[in-house]
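What follows is each chain in one-letter form.
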Amino acid sequence: MLVALRAALIRLGAAVTVGVWRLGYGARFFVYLIVHSGTAFRRFRLTMREIYFAGVLSLIIILVSGLFVGMVLALQGYETLQRYGSSEALGVLVALSLVRELGPVVAGLLFASRAGSAITAEIGLMKATEQLSAMEMMAVDPVARVVAPRFWGGVISMPVLAALFSAMGIFGGYLVGVVLIGVDEGAFWSQMQAAVDVRNDILNGVIKSVVFGVAVTLIAVFEGYDAPPTAEGVSGATTRTVVTSSLAILALDFVLTALMFTGGA
Amino acid sequence: MADPHIAVIEDLSFAYDRRPVLHGIGLKIPRGKVVAVMGQSGCGKTTLLRIIAAALMPTRGRARVLGRDTGTLDRDGLYALRRRMGMLFQFGALFTDMSVFDNVAFQMREHTNLPEDAIRDLVLLKLEAVGLRGAAQRMPGELSGGMARRVALARAIALDPQLILYDEPFTGLDPIALGVIARLVRQLNDSLGATSIIVTHDVAETLPLVDYVYFMAEGRVIAEGTADQVRRSGVAFVEQFVSGAIDGPVPFHYPAAGYEADLGFAAGA
Ligand SMILES: Nc1ncnc2c1ncn2[C@@H]1O[C@H](COP(=O)(O)OP(=O)(O)OP(=O)(O)O)[C@@H](O)[C@H]1O
Ligand SMILES: [Mg+2]
(Lines give C-alpha, C1' and ligand atoms only; values in the text may rest on other atoms or scores of the structure.)
(Ligands and ions follow the chains in the order given, each with its own letter.)
Protein backbone atom coordinates (compact mmCIF):
# COMPACT_ATOMS: atom_id res chain seq x y z
CA MET A 1 0.00 0.00 0.00
CA LEU A 2 2.66 2.43 1.10
CA VAL A 3 4.95 1.21 -1.65
CA ALA A 4 2.25 1.76 -4.26
CA LEU A 5 1.61 5.27 -2.93
CA ARG A 6 5.30 6.02 -3.01
CA ALA A 7 5.55 4.77 -6.59
CA ALA A 8 2.55 6.87 -7.59
CA LEU A 9 4.12 9.95 -5.99
CA ILE A 10 7.39 9.33 -7.78
CA ARG A 11 5.54 9.01 -11.08
CA LEU A 12 3.62 12.19 -10.42
CA GLY A 13 6.81 14.03 -9.54
CA ALA A 14 8.53 12.75 -12.66
CA ALA A 15 5.57 13.76 -14.84
CA VAL A 16 5.55 17.28 -13.37
CA THR A 17 9.32 17.63 -13.74
CA VAL A 18 9.19 16.50 -17.36
CA GLY A 19 6.29 18.88 -18.04
CA VAL A 20 8.08 21.86 -16.53
CA TRP A 21 11.32 20.91 -18.26
CA ARG A 22 9.54 20.74 -21.62
CA LEU A 23 7.88 24.08 -21.01
CA GLY A 24 11.27 25.65 -20.34
CA TYR A 25 12.78 23.92 -23.33
CA GLY A 26 9.88 25.16 -25.47
CA ALA A 27 10.39 28.71 -24.25
CA ARG A 28 14.10 28.61 -25.08
CA PHE A 29 13.21 27.17 -28.47
CA PHE A 30 10.81 30.07 -29.03
CA VAL A 31 13.47 32.64 -28.21
CA TYR A 32 16.01 30.89 -30.43
CA LEU A 33 13.43 30.74 -33.21
CA ILE A 34 12.68 34.46 -33.00
CA VAL A 35 16.38 35.39 -32.89
CA HIS A 36 17.06 33.25 -35.97
CA SER A 37 14.08 34.43 -38.00
CA GLY A 38 16.16 36.70 -40.22
CA THR A 39 16.32 34.20 -43.06
CA ALA A 40 12.55 33.82 -43.13
CA PHE A 41 12.21 37.53 -43.95
CA ARG A 42 15.37 38.17 -45.97
CA ARG A 43 14.42 35.32 -48.26
CA PHE A 44 10.70 35.82 -48.10
CA ARG A 45 10.14 33.28 -50.88
CA LEU A 46 10.75 30.54 -48.30
CA THR A 47 7.99 31.94 -46.11
CA MET A 48 5.68 32.48 -49.08
CA ARG A 49 5.92 28.78 -49.82
CA GLU A 50 4.81 27.97 -46.28
CA ILE A 51 1.98 30.51 -46.46
CA TYR A 52 0.82 28.57 -49.47
CA PHE A 53 0.95 25.23 -47.67
CA ALA A 54 -0.45 26.38 -44.35
CA GLY A 55 -2.78 29.12 -45.54
CA VAL A 56 -3.86 28.71 -49.14
CA LEU A 57 -4.38 24.98 -48.87
CA SER A 58 -6.53 25.53 -45.76
CA LEU A 59 -8.84 27.91 -47.61
CA ILE A 60 -11.43 25.36 -48.70
CA ILE A 61 -12.05 23.90 -45.26
CA ILE A 62 -12.06 27.37 -43.68
CA LEU A 63 -14.49 28.87 -46.21
CA VAL A 64 -16.90 25.93 -46.20
CA SER A 65 -16.88 25.68 -42.41
CA GLY A 66 -17.41 29.44 -42.11
CA LEU A 67 -20.39 29.28 -44.40
CA PHE A 68 -22.08 26.50 -42.43
CA VAL A 69 -21.33 28.01 -39.04
CA GLY A 70 -22.86 31.30 -40.22
CA MET A 71 -25.94 29.53 -41.57
CA VAL A 72 -26.47 27.64 -38.32
CA LEU A 73 -25.97 30.84 -36.32
CA ALA A 74 -28.70 32.52 -38.37
CA LEU A 75 -31.14 29.65 -37.90
CA GLN A 76 -30.60 29.43 -34.17
CA GLY A 77 -30.38 33.18 -33.70
CA TYR A 78 -33.59 33.86 -35.59
CA GLU A 79 -35.40 31.23 -33.55
CA THR A 80 -34.49 33.00 -30.32
CA LEU A 81 -34.64 36.62 -31.46
CA GLN A 82 -38.12 36.41 -32.96
CA ARG A 83 -39.51 35.36 -29.58
CA TYR A 84 -38.61 38.83 -28.39
CA GLY A 85 -39.72 40.42 -31.62
CA SER A 86 -36.25 41.63 -32.52
CA SER A 87 -35.42 39.46 -35.49
CA GLU A 88 -33.91 42.39 -37.39
CA ALA A 89 -31.03 42.23 -34.89
CA LEU A 90 -30.05 38.95 -36.52
CA GLY A 91 -27.22 40.63 -38.44
CA VAL A 92 -25.72 41.97 -35.21
CA LEU A 93 -25.91 38.61 -33.52
CA VAL A 94 -24.28 36.75 -36.40
CA ALA A 95 -21.55 39.33 -36.94
CA LEU A 96 -20.62 39.79 -33.28
CA SER A 97 -20.56 36.06 -32.59
CA LEU A 98 -18.29 35.47 -35.54
CA VAL A 99 -15.95 38.42 -35.23
CA ARG A 100 -15.48 38.21 -31.49
CA GLU A 101 -15.47 34.46 -30.87
CA LEU A 102 -16.29 31.91 -33.50
CA GLY A 103 -14.10 33.31 -36.26
CA PRO A 104 -10.79 33.18 -34.38
CA VAL A 105 -11.65 30.11 -32.27
CA VAL A 106 -13.15 27.81 -34.90
CA ALA A 107 -10.69 28.92 -37.58
CA GLY A 108 -7.91 28.31 -35.06
CA LEU A 109 -9.15 24.81 -34.26
CA LEU A 110 -9.47 23.98 -37.94
CA PHE A 111 -6.06 25.48 -38.62
CA ALA A 112 -4.53 23.35 -35.86
CA SER A 113 -5.90 20.14 -37.27
CA ARG A 114 -5.36 21.00 -40.94
CA ALA A 115 -2.08 22.92 -41.01
CA GLY A 116 -0.58 22.39 -37.54
CA SER A 117 -0.60 18.62 -37.83
CA ALA A 118 0.94 18.82 -41.31
CA ILE A 119 3.73 21.10 -40.06
CA THR A 120 4.54 18.76 -37.17
CA ALA A 121 4.52 15.68 -39.39
CA GLU A 122 6.73 17.31 -42.01
CA ILE A 123 9.35 18.60 -39.60
CA GLY A 124 9.24 15.36 -37.60
CA LEU A 125 9.78 13.26 -40.72
CA MET A 126 12.61 15.50 -41.86
CA LYS A 127 14.21 14.88 -38.50
CA ALA A 128 13.56 11.13 -38.56
CA THR A 129 15.13 10.80 -42.02
CA GLU A 130 18.19 12.81 -40.91
CA GLN A 131 17.40 15.68 -43.27
CA LEU A 132 17.77 18.14 -40.40
CA SER A 133 21.12 16.61 -39.36
CA ALA A 134 22.24 16.73 -42.99
CA MET A 135 21.34 20.40 -43.10
CA GLU A 136 23.27 21.05 -39.92
CA MET A 137 26.23 19.20 -41.41
CA MET A 138 26.06 21.55 -44.38
CA ALA A 139 26.42 24.45 -41.98
CA VAL A 140 22.81 25.52 -42.44
CA ASP A 141 20.80 26.05 -39.27
CA PRO A 142 17.60 23.98 -39.59
CA VAL A 143 15.77 26.30 -37.21
CA ALA A 144 16.48 29.27 -39.46
CA ARG A 145 16.00 27.46 -42.76
CA VAL A 146 13.15 25.00 -42.02
CA VAL A 147 11.41 25.97 -38.78
CA ALA A 148 11.28 29.77 -38.96
CA PRO A 149 9.66 30.02 -42.42
CA ARG A 150 6.98 27.53 -41.34
CA PHE A 151 6.40 29.43 -38.12
CA TRP A 152 6.00 32.79 -39.81
CA GLY A 153 3.99 31.29 -42.65
CA GLY A 154 1.50 30.02 -40.08
CA VAL A 155 1.50 33.21 -38.04
CA ILE A 156 0.77 35.28 -41.14
CA SER A 157 -1.88 32.89 -42.49
CA MET A 158 -3.94 32.49 -39.35
CA PRO A 159 -5.44 36.03 -39.01
CA VAL A 160 -6.30 36.04 -42.71
CA LEU A 161 -8.00 32.68 -42.41
CA ALA A 162 -9.95 33.82 -39.35
CA ALA A 163 -11.08 36.98 -41.17
CA LEU A 164 -12.19 34.96 -44.18
CA PHE A 165 -13.99 32.55 -41.88
CA SER A 166 -15.93 35.43 -40.32
CA ALA A 167 -16.71 37.01 -43.69
CA MET A 168 -17.95 33.74 -45.05
CA GLY A 169 -19.99 33.16 -41.88
CA ILE A 170 -21.66 36.55 -42.21
CA PHE A 171 -22.46 35.71 -45.81
CA GLY A 172 -23.95 32.38 -44.64
CA GLY A 173 -26.01 34.23 -42.04
CA TYR A 174 -27.24 36.57 -44.76
CA LEU A 175 -28.21 33.64 -47.00
CA VAL A 176 -30.27 31.96 -44.31
CA GLY A 177 -31.56 35.04 -42.49
CA VAL A 178 -32.40 37.32 -45.39
CA VAL A 179 -32.71 35.14 -48.47
CA LEU A 180 -34.30 32.07 -46.88
CA ILE A 181 -36.22 33.30 -43.83
CA GLY A 182 -36.93 36.78 -45.12
CA VAL A 183 -35.51 39.09 -42.44
CA ASP A 184 -35.46 42.67 -43.73
CA GLU A 185 -32.24 43.13 -45.66
CA GLY A 186 -31.78 46.81 -44.83
CA ALA A 187 -32.15 46.18 -41.11
CA PHE A 188 -29.84 43.17 -41.25
CA TRP A 189 -26.93 45.16 -42.68
CA SER A 190 -27.51 48.58 -41.08
CA GLN A 191 -27.93 47.24 -37.56
CA MET A 192 -24.79 45.17 -38.05
CA GLN A 193 -22.87 48.24 -39.19
CA ALA A 194 -24.08 50.30 -36.28
CA ALA A 195 -23.36 47.67 -33.64
CA VAL A 196 -20.01 46.25 -34.69
CA ASP A 197 -17.20 48.45 -33.42
CA VAL A 198 -13.87 48.52 -35.21
CA ARG A 199 -11.70 48.74 -32.12
CA ASN A 200 -13.75 46.79 -29.65
CA ASP A 201 -14.87 43.96 -31.86
CA ILE A 202 -12.85 43.69 -35.03
CA LEU A 203 -9.46 44.63 -33.61
CA ASN A 204 -9.95 42.36 -30.61
CA GLY A 205 -10.93 39.54 -32.94
CA VAL A 206 -7.80 40.11 -34.99
CA ILE A 207 -5.65 40.14 -31.84
CA LYS A 208 -7.18 36.83 -30.83
CA SER A 209 -6.46 35.27 -34.19
CA VAL A 210 -2.85 36.48 -34.11
CA VAL A 211 -2.35 35.04 -30.62
CA PHE A 212 -3.92 31.73 -31.67
CA GLY A 213 -1.79 31.69 -34.80
CA VAL A 214 1.40 32.13 -32.78
CA ALA A 215 0.30 29.48 -30.25
CA VAL A 216 -0.76 26.85 -32.78
CA THR A 217 2.22 27.27 -35.09
CA LEU A 218 4.71 27.40 -32.24
CA ILE A 219 3.29 24.18 -30.78
CA ALA A 220 3.33 22.59 -34.23
CA VAL A 221 6.95 23.44 -35.08
CA PHE A 222 8.15 22.62 -31.56
CA GLU A 223 6.46 19.21 -31.47
CA GLY A 224 7.89 18.42 -34.91
CA TYR A 225 11.40 19.57 -34.03
CA ASP A 226 11.31 17.76 -30.68
CA ALA A 227 9.71 14.54 -31.99
CA PRO A 228 11.55 11.28 -31.34
CA PRO A 229 13.05 10.37 -34.73
CA THR A 230 10.88 7.30 -35.31
CA ALA A 231 7.53 6.55 -36.94
CA GLU A 232 5.74 6.32 -33.58
CA GLY A 233 7.53 9.42 -32.39
CA VAL A 234 6.26 11.48 -35.32
CA SER A 235 2.71 10.15 -35.11
CA GLY A 236 2.62 10.83 -31.37
CA ALA A 237 3.92 14.35 -31.91
CA THR A 238 1.27 15.01 -34.56
CA THR A 239 -1.50 13.96 -32.21
CA ARG A 240 -0.02 16.08 -29.42
CA THR A 241 0.04 19.10 -31.71
CA VAL A 242 -3.69 18.88 -32.38
CA VAL A 243 -4.63 18.16 -28.75
CA THR A 244 -2.30 20.70 -27.15
CA SER A 245 -3.00 23.50 -29.57
CA SER A 246 -6.78 22.98 -29.38
CA LEU A 247 -6.64 23.21 -25.60
CA ALA A 248 -4.31 26.19 -25.85
CA ILE A 249 -6.76 28.00 -28.13
CA LEU A 250 -9.71 27.45 -25.82
CA ALA A 251 -7.76 28.42 -22.69
CA LEU A 252 -6.23 31.49 -24.34
CA ASP A 253 -9.65 32.47 -25.66
CA PHE A 254 -11.03 32.52 -22.15
CA VAL A 255 -8.15 34.64 -20.90
CA LEU A 256 -8.31 37.04 -23.83
CA THR A 257 -12.09 37.38 -23.63
CA ALA A 258 -11.84 38.12 -19.93
CA LEU A 259 -9.27 40.81 -20.61
CA MET A 260 -11.00 42.35 -23.63
CA PHE A 261 -14.71 42.22 -23.09
CA THR A 262 -15.19 42.70 -19.36
CA GLY A 263 -14.94 45.79 -17.18
CA GLY A 264 -16.62 48.63 -19.01
CA ALA A 265 -15.80 47.60 -22.55
CA MET B 1 49.57 22.85 -44.46
CA ALA B 2 52.48 21.83 -42.28
CA ASP B 3 50.40 19.28 -40.44
CA PRO B 4 50.38 16.06 -42.49
CA HIS B 5 47.21 14.95 -40.75
CA ILE B 6 43.82 16.38 -41.62
CA ALA B 7 42.21 14.89 -38.54
CA VAL B 8 43.75 13.68 -35.31
CA ILE B 9 41.79 12.02 -32.56
CA GLU B 10 43.45 11.51 -29.23
CA ASP B 11 42.26 9.36 -26.36
CA LEU B 12 38.66 10.11 -27.21
CA SER B 13 35.77 8.75 -25.19
CA PHE B 14 32.10 9.35 -25.73
CA ALA B 15 28.90 8.43 -23.92
CA TYR B 16 25.25 8.97 -24.86
CA ASP B 17 23.86 10.27 -21.56
CA ARG B 18 25.35 7.69 -19.21
CA ARG B 19 25.91 4.99 -21.83
CA PRO B 20 29.55 4.75 -22.88
CA VAL B 21 30.01 4.06 -26.61
CA LEU B 22 33.62 4.99 -27.41
CA HIS B 23 36.58 4.30 -25.13
CA GLY B 24 39.95 6.00 -25.61
CA ILE B 25 39.96 6.06 -29.41
CA GLY B 26 43.05 7.29 -31.22
CA LEU B 27 43.08 7.95 -34.98
CA LYS B 28 45.27 9.87 -37.39
CA ILE B 29 43.90 10.65 -40.82
CA PRO B 30 46.66 11.63 -43.27
CA ARG B 31 45.95 14.35 -45.82
CA GLY B 32 44.92 13.16 -49.28
CA LYS B 33 44.26 9.56 -48.27
CA VAL B 34 41.15 7.39 -48.16
CA VAL B 35 40.90 5.89 -44.69
CA ALA B 36 38.41 3.27 -43.56
CA VAL B 37 37.07 2.72 -40.08
CA MET B 38 35.59 -0.77 -39.87
CA GLY B 39 33.76 -2.64 -37.22
CA GLN B 40 30.73 -4.54 -36.20
CA SER B 41 27.29 -3.02 -36.38
CA GLY B 42 26.70 -0.97 -33.26
CA CYS B 43 30.36 -0.60 -32.29
CA GLY B 44 30.15 3.18 -32.54
CA LYS B 45 31.28 3.99 -36.09
CA THR B 46 28.53 6.47 -36.85
CA THR B 47 29.09 8.04 -33.46
CA LEU B 48 32.79 8.46 -34.24
CA LEU B 49 31.94 10.03 -37.59
CA ARG B 50 29.56 12.46 -35.91
CA ILE B 51 32.32 13.46 -33.53
CA ILE B 52 34.71 14.09 -36.40
CA ALA B 53 31.95 16.14 -38.04
CA ALA B 54 31.63 18.08 -34.76
CA ALA B 55 27.97 17.15 -34.51
CA LEU B 56 28.74 15.51 -31.17
CA MET B 57 31.34 16.63 -28.66
CA PRO B 58 33.71 14.13 -27.02
CA THR B 59 33.06 13.34 -23.37
CA ARG B 60 36.82 13.05 -22.87
CA GLY B 61 39.83 13.55 -25.14
CA ARG B 62 40.26 15.69 -28.22
CA ALA B 63 39.22 15.69 -31.85
CA ARG B 64 41.35 17.98 -34.02
CA VAL B 65 39.77 18.32 -37.45
CA LEU B 66 41.11 20.54 -40.25
CA GLY B 67 43.35 22.20 -37.72
CA ARG B 68 40.59 23.01 -35.24
CA ASP B 69 39.89 21.49 -31.87
CA THR B 70 36.16 20.78 -32.20
CA GLY B 71 35.52 21.12 -28.47
CA THR B 72 36.60 24.77 -28.41
CA LEU B 73 34.46 26.06 -31.29
CA ASP B 74 31.39 28.24 -30.96
CA ARG B 75 28.42 28.01 -33.33
CA ASP B 76 29.98 30.18 -36.03
CA GLY B 77 33.27 28.32 -35.75
CA LEU B 78 31.46 25.01 -36.10
CA TYR B 79 29.60 26.14 -39.18
CA ALA B 80 32.79 27.50 -40.73
CA LEU B 81 34.43 24.13 -40.09
CA ARG B 82 31.54 22.18 -41.54
CA ARG B 83 31.58 24.19 -44.75
CA ARG B 84 34.93 22.57 -45.45
CA MET B 85 33.51 19.07 -44.97
CA GLY B 86 31.05 16.96 -46.90
CA MET B 87 29.13 14.10 -45.38
CA LEU B 88 27.32 11.18 -46.96
CA PHE B 89 24.70 9.95 -44.52
CA GLN B 90 24.02 6.28 -43.84
CA PHE B 91 20.51 6.64 -45.29
CA GLY B 92 21.18 9.37 -47.86
CA ALA B 93 19.11 12.03 -46.09
CA LEU B 94 18.18 13.79 -49.33
CA PHE B 95 15.74 16.67 -48.91
CA THR B 96 12.51 15.02 -49.98
CA ASP B 97 10.75 18.29 -50.82
CA MET B 98 13.36 19.31 -53.40
CA SER B 99 14.34 17.92 -56.79
CA VAL B 100 17.68 16.22 -57.32
CA PHE B 101 18.95 19.45 -58.88
CA ASP B 102 17.86 21.58 -55.92
CA ASN B 103 19.37 19.09 -53.48
CA VAL B 104 22.79 19.45 -55.09
CA ALA B 105 22.33 23.22 -55.47
CA PHE B 106 21.29 23.61 -51.82
CA GLN B 107 24.67 24.51 -50.32
CA MET B 108 25.62 26.71 -53.25
CA ARG B 109 22.45 28.73 -52.76
CA GLU B 110 22.90 28.87 -48.99
CA HIS B 111 26.58 29.66 -48.84
CA THR B 112 27.56 31.48 -52.02
CA ASN B 113 26.32 34.44 -54.00
CA LEU B 114 26.76 32.69 -57.32
CA PRO B 115 24.27 33.68 -60.02
CA GLU B 116 21.73 31.03 -60.92
CA ASP B 117 23.31 30.08 -64.26
CA ALA B 118 26.70 29.50 -62.62
CA ILE B 119 24.97 27.30 -60.05
CA ARG B 120 23.29 25.46 -62.90
CA ASP B 121 26.63 24.68 -64.53
CA LEU B 122 28.18 23.55 -61.25
CA VAL B 123 25.25 21.33 -60.33
CA LEU B 124 25.25 19.66 -63.73
CA LEU B 125 29.00 19.15 -63.40
CA LYS B 126 28.56 17.40 -60.04
CA LEU B 127 25.66 15.31 -61.31
CA GLU B 128 27.69 14.37 -64.38
CA ALA B 129 30.46 13.18 -62.06
CA VAL B 130 28.06 10.68 -60.45
CA GLY B 131 26.44 9.85 -63.78
CA LEU B 132 23.02 11.29 -62.97
CA ARG B 133 22.78 14.46 -65.02
CA GLY B 134 19.73 12.98 -66.72
CA ALA B 135 17.89 12.67 -63.41
CA ALA B 136 18.30 16.31 -62.40
CA GLN B 137 14.60 17.13 -62.42
CA ARG B 138 13.43 14.00 -60.58
CA MET B 139 12.30 14.01 -56.97
CA PRO B 140 14.21 11.88 -54.41
CA GLY B 141 11.18 9.63 -53.98
CA GLU B 142 11.45 8.59 -57.62
CA LEU B 143 15.04 7.31 -57.32
CA SER B 144 16.31 3.83 -56.56
CA GLY B 145 18.47 3.37 -53.47
CA GLY B 146 21.67 3.36 -55.49
CA MET B 147 20.73 6.47 -57.42
CA ALA B 148 19.77 8.26 -54.22
CA ARG B 149 23.18 7.40 -52.76
CA ARG B 150 24.88 8.88 -55.81
CA VAL B 151 22.81 12.05 -55.58
CA ALA B 152 23.71 12.31 -51.90
CA LEU B 153 27.34 11.91 -52.93
CA ALA B 154 27.00 14.71 -55.49
CA ARG B 155 25.42 16.87 -52.79
CA ALA B 156 28.19 16.04 -50.30
CA ILE B 157 30.89 17.26 -52.73
CA ALA B 158 28.92 20.27 -53.95
CA LEU B 159 31.29 22.82 -52.43
CA ASP B 160 34.51 20.83 -53.07
CA PRO B 161 35.10 19.85 -49.44
CA GLN B 162 38.57 19.16 -48.07
CA LEU B 163 37.31 16.28 -45.96
CA ILE B 164 34.58 13.89 -47.08
CA LEU B 165 32.91 11.59 -44.55
CA TYR B 166 31.08 8.50 -45.73
CA ASP B 167 28.75 6.58 -43.44
CA GLU B 168 28.15 3.08 -44.83
CA PRO B 169 28.33 4.11 -48.49
CA PHE B 170 27.98 0.52 -49.72
CA THR B 171 25.13 -1.04 -47.77
CA GLY B 172 22.00 -1.98 -49.66
CA LEU B 173 23.55 -1.64 -53.13
CA ASP B 174 23.70 -4.22 -55.91
CA PRO B 175 27.23 -5.24 -57.01
CA ILE B 176 27.21 -2.92 -60.02
CA ALA B 177 26.00 0.13 -58.12
CA LEU B 178 28.47 -0.77 -55.39
CA GLY B 179 31.35 -0.86 -57.86
CA VAL B 180 30.24 2.49 -59.26
CA ILE B 181 30.14 4.14 -55.85
CA ALA B 182 33.43 2.58 -54.79
CA ARG B 183 35.16 3.90 -57.91
CA LEU B 184 33.52 7.30 -57.40
CA VAL B 185 34.76 7.58 -53.83
CA ARG B 186 38.33 7.04 -54.94
CA GLN B 187 38.01 9.26 -58.02
CA LEU B 188 36.39 12.13 -56.17
CA ASN B 189 38.97 11.97 -53.44
CA ASP B 190 41.85 12.15 -55.86
CA SER B 191 40.38 14.67 -58.30
CA LEU B 192 39.26 17.08 -55.56
CA GLY B 193 42.50 16.63 -53.66
CA ALA B 194 40.37 15.81 -50.66
CA THR B 195 40.70 13.38 -47.78
CA SER B 196 38.05 10.71 -47.21
CA ILE B 197 36.97 8.75 -44.17
CA ILE B 198 34.78 5.73 -44.86
CA VAL B 199 32.93 4.13 -42.01
CA THR B 200 31.68 0.69 -42.93
CA HIS B 201 31.31 -2.97 -42.11
CA ASP B 202 31.78 -4.11 -45.73
CA VAL B 203 35.39 -5.28 -45.56
CA ALA B 204 35.58 -6.98 -48.96
CA GLU B 205 34.34 -3.95 -50.89
CA THR B 206 36.30 -1.42 -48.91
CA LEU B 207 39.77 -2.93 -48.62
CA PRO B 208 40.72 -2.61 -52.34
CA LEU B 209 39.73 1.03 -52.22
CA VAL B 210 41.45 2.48 -49.19
CA ASP B 211 44.95 3.46 -48.15
CA TYR B 212 44.66 2.77 -44.45
CA VAL B 213 42.29 0.85 -42.19
CA TYR B 214 41.30 1.08 -38.57
CA PHE B 215 39.38 -1.79 -37.00
CA MET B 216 37.03 -1.06 -34.14
CA ALA B 217 35.28 -3.34 -31.70
CA GLU B 218 33.13 -2.31 -28.78
CA GLY B 219 34.18 1.30 -28.98
CA ARG B 220 37.93 0.67 -29.12
CA VAL B 221 40.47 0.63 -31.94
CA ILE B 222 41.79 -2.93 -31.92
CA ALA B 223 43.87 -3.01 -35.08
CA GLU B 224 45.14 -0.78 -37.86
CA GLY B 225 47.33 -0.88 -40.95
CA THR B 226 47.44 -0.28 -44.68
CA ALA B 227 45.07 -2.27 -46.86
CA ASP B 228 47.94 -4.45 -48.09
CA GLN B 229 49.23 -5.12 -44.60
CA VAL B 230 45.81 -6.18 -43.52
CA ARG B 231 45.22 -8.37 -46.56
CA ARG B 232 48.61 -10.06 -46.58
CA SER B 233 48.60 -10.70 -42.89
CA GLY B 234 45.66 -13.07 -43.44
CA VAL B 235 44.25 -11.76 -40.24
CA ALA B 236 41.73 -14.07 -38.68
CA PHE B 237 39.72 -11.04 -37.64
CA VAL B 238 39.33 -9.89 -41.22
CA GLU B 239 38.55 -13.42 -42.39
CA GLN B 240 35.89 -13.73 -39.77
CA PHE B 241 34.54 -10.33 -40.68
CA VAL B 242 34.26 -11.15 -44.37
CA SER B 243 32.65 -14.56 -43.91
CA GLY B 244 30.45 -13.31 -41.09
CA ALA B 245 31.21 -16.34 -38.94
CA ILE B 246 29.74 -15.93 -35.49
CA ASP B 247 32.24 -18.14 -33.76
CA GLY B 248 35.42 -17.21 -35.57
CA PRO B 249 38.97 -17.72 -34.37
CA VAL B 250 38.90 -14.33 -32.75
CA PRO B 251 35.97 -13.36 -30.58
CA PHE B 252 35.18 -9.65 -30.77
CA HIS B 253 35.48 -9.17 -27.04
CA TYR B 254 39.04 -10.35 -27.06
CA PRO B 255 41.21 -8.11 -24.88
CA ALA B 256 42.46 -5.27 -27.08
CA ALA B 257 46.13 -5.27 -26.09
CA GLY B 258 46.68 -8.95 -26.65
CA TYR B 259 44.94 -8.78 -29.96
CA GLU B 260 47.06 -5.97 -31.35
CA ALA B 261 50.19 -7.90 -30.54
CA ASP B 262 48.63 -10.93 -32.17
CA LEU B 263 48.09 -9.04 -35.41
CA GLY B 264 51.62 -7.69 -35.46
CA PHE B 265 50.49 -4.10 -36.00
CA ALA B 266 52.16 -1.24 -34.23
CA ALA B 267 49.82 0.10 -31.58
CA GLY B 268 48.68 3.67 -32.18
CA ALA B 269 50.97 4.21 -35.19
N1 LIG C 1 21.23 9.01 -30.21
C2 LIG C 1 21.60 7.95 -29.47
N3 LIG C 1 21.27 7.87 -28.16
C4 LIG C 1 21.66 6.82 -27.41
N5 LIG C 1 22.37 5.80 -27.86
C6 LIG C 1 22.74 5.80 -29.16
C7 LIG C 1 22.37 6.88 -30.03
N8 LIG C 1 22.87 6.61 -31.25
C9 LIG C 1 23.51 5.44 -31.16
N10 LIG C 1 23.45 4.93 -29.90
C11 LIG C 1 24.06 3.70 -29.42
O12 LIG C 1 25.46 3.84 -29.57
C13 LIG C 1 26.03 2.65 -30.06
C14 LIG C 1 26.83 2.94 -31.30
O15 LIG C 1 25.95 3.41 -32.32
P16 LIG C 1 26.46 3.77 -33.77
O17 LIG C 1 25.30 4.29 -34.52
O18 LIG C 1 27.64 4.66 -33.65
O19 LIG C 1 26.89 2.35 -34.33
P20 LIG C 1 27.44 1.97 -35.77
O21 LIG C 1 28.77 1.39 -35.56
O22 LIG C 1 27.33 3.13 -36.70
O23 LIG C 1 26.42 0.83 -36.21
P24 LIG C 1 25.87 0.50 -37.67
O25 LIG C 1 26.97 -0.22 -38.36
O26 LIG C 1 24.72 -0.42 -37.39
O27 LIG C 1 25.47 1.76 -38.32
C28 LIG C 1 24.88 1.68 -30.29
O29 LIG C 1 24.88 0.74 -29.23
C30 LIG C 1 23.66 2.51 -30.25
O31 LIG C 1 22.61 1.80 -29.66
MG1 LIG D 1 26.16 3.54 -38.36
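Below or above, wherever it landed, is the structure these notes cover. On a predicted model such as this, the values are computed, not experimentally measured, just so you know.

## Looking at the overall build of chain B
Inference 1: Summing up its helical and strand segments, chain B has 10 helices and 10 strands in all.
Inference 2: The 269 residues of chain B split such that 53% are buried.
Inference 3: In chain B, of all internal contacts separated by at least 6 residues, the share reaching a separation of at least 24 is 66%.

## Describing the site of ligand 1
Residues and elements named next belong to chain B.
Inference 1: The local shell around ligand 1 holds 14 residues, among which Ser41, Gly42, Lys45, Thr46 and Thr47 are the closest.
Inference 2: Between ligand 1 and the protein, one listed contact pairs an oxygen atom with a backbone N or O atom of Gly44 at 3.0 Å.
Inference 3: Within the side chain of Lys45, one N or O atom sits 2.8 Å away from an oxygen atom of ligand 1.
Inference 4: Taken by itself ligand 1 offers 630 Å² of open surface, and the protein chains cover 64% of this.
Inference 5: Elements supplying a minimum of two residues to the shell around ligand 1: strand E2 (19–30) and helix H1 (45–52).
Inference 6: Of all the elements, H1 adds the most residues to the shell around ligand 1, at three residues.
Inference 7: Considered class by class, the residues forming the shell around ligand 1 number three nonpolar, eight polar and three charged.

## Some remarks on the nonpolar core
Inference 1: Core analysis: the biggest nonpolar cluster contains 67 residues, and Phe29(A), Leu33(A), Val221(A), Leu22(B), Ile25(B), Leu48(B) and Leu165(B) have the highest contact counts within it.
Inference 2: Excluding residues that lie within four positions of it along the chain, Leu22(B) makes contacts with Leu12(B), Ser13(B), Phe14(B), Cys43(B), Gly44(B), Thr47(B), Leu48(B), Ile51(B), Met216(B) and Gly219(B).
Inference 3: In terms of nonpolar packing, the next biggest core, distinct from the first, is built from 51 residues, Val104(B), Val130(B), Tyr166(B) and Leu209(B) among them.

Rules behind the numbers
Residues numbered from 1 in each chain as written. Chains lettered and ligands numbered in written order. Predicted model: local features only at pLDDT ≥ 70, side-chain atom pairs only at ≥ 80, totals over all residues. Heavy atoms only, no water. Helix = DSSP H or I, 4+ residues; strand = E, 2+ residues; numbered from the N terminus. Buried < 20%, exposed > 50% of the residue type's maximum accessible area, 1.4 Å probe, protein only. Contact = heavy atoms within 4.5 Å. Near = heavy atom within 4 Å. Polar contact = N/O pair within 3.5 Å; in protein donor to acceptor, adjacent residues only side chain to side chain. Areas by Shrake-Rupley, 256 points an atom, 1.4 Å probe, with all protein chains shown as cover. Nonpolar A, V, L, I, M, F, W, Y, C, P; charged D, E, K, R; others polar. Core = buried A, V, L, I, M, F, W, Y, C linked by side-chain atoms within 4.5 Å.

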